[in-house]
Amino acid sequence: MDNKQALRAELSALLSRHPTAAELEEVVPRYWPSLSAFRENEDLILMEGVRRLFVRRVGTDRFRTIDTAAASGSTNLLDTEDATERDLDGLIDEITAFAAV
């Protein structure tokens, strides 16, 4: 990710309007063109091949994420103990790592 500061600024501006994680769908493809982004209710699903990264916003600067290699799955996985809580920088790092695999 060459332009992490620009991404962080864009996401911070978007998040100041208190959107759901699903609304990040518009931003992701500009910074990670290899990823497909979809919505499931208020959650965001990022796909790379059959891998999926589920994202849910749980606070002002807090997100729950889970990476799965399954060809199908539901954002209900975000309710399990396997999901990880991240701040915005952690979310950016996780998406970057997910896209790089």
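Keep in mind it's a predicted model, so treat the numbers as computed, not measured.

Scoring rules and cut-offs
Residues numbered from 1 in each chain as written. Predicted model: local features only at pLDDT ≥ 70, side-chain atom pairs only at ≥ 80, totals over all residues. Heavy atoms only, no water. Pairing = 2+ DSSP bridges. Helix = DSSP H or I, 4+ residues; strand = E, 2+ residues; numbered from the N terminus. Axes fitted to C-alpha atoms, helices over the stretch in contact; angles between N-to-C directions. Contact = heavy atoms within 4.5 Å. Core = buried A, V, L, I, M, F, W, Y, C linked by side-chain atoms within 4.5 Å. Buried < 20%, exposed > 50% of the residue type's maximum accessible area, 1.4 Å probe, protein only. Expected span 1.5 Å × (residues − 1). Salt bridge = Lys/Arg side-chain N within 4 Å of Asp/Glu carboxyl O.

A. Up close: the sheet that holds strand 4 (residues 62-68). Strands sit in the order 1-2-3-4-5 across an open sheet of five strands; the sheet is antiparallel. In this open sheet, the two strands that pair with only one neighbour each are strand 1 (36-40) and strand 5 (84-86). Adjacent strand axes in the sheet meet at a mean angle of 30° when their direction is disregarded. Bridge count for strand 2 (residues 43-48) against strand 3 (residues 51-59) is five bridges, and the pairing is antiparallel. Following the sheet pairing, L46 is matched in strand 3 by L53. Across the face of the sheet, helix 3 (residues 88-100) comes into contact with strand 2, strand 3, strand 4 and strand 5 while running at roughly 175° to strand 3.

B. Here's a closer look at the nonpolar core. Residues L24, W32, L35, L44 and L46 are the most contacted members of the largest nonpolar core, which totals 23 residues. Mapped onto this core, the elements with two or more residues apiece are helix 1 (4-15), helix 2 (28-31), strand 2, strand 3 and helix 3. Looking at which element gives the most residues to this core, the answer is helix 3, with six residues. Core analysis: the second largest hydrophobic core is formed by six residues, I45, M47, L78 and A83 among them.

C. Main features of helix 1. Here helix 1 contains twelve residues, and its C-alpha end-to-end distance of 16 Å stays within 8% of the 16 Å for a straight helix at 1.5 Å per residue. Buried positions along helix 1 lie against helix 2, strand 3, strand 4 and helix 3.

D. Seen up close, the pattern of salt bridges. The full count for this structure, using the stated rule, is nine salt bridges. As a salt-bridge pair, R30 and E10 come within 2.0 Å of each other at their nearest N and O atoms. Here R30, found in helix 2, pairs with E10, found in helix 1; they are 20 residues apart in sequence, far enough to count as distant. Take R30: its relative accessible area is 51%, and that puts it in the exposed class. For E10, a relative accessible area of 24% gives the class partly exposed. The salt bridge partner of R39 is E25, with a shortest N-O separation of 2.6 Å. One end of the pair, R39, is in strand 1; the other, E25, is in the loop between helix 1 and helix 2, and 14 residues separate them in sequence. R39 gets classed as partly exposed once you look at its relative accessible area, which sits at 41%. Judged by its relative accessible area of 23%, E25 is partly exposed.

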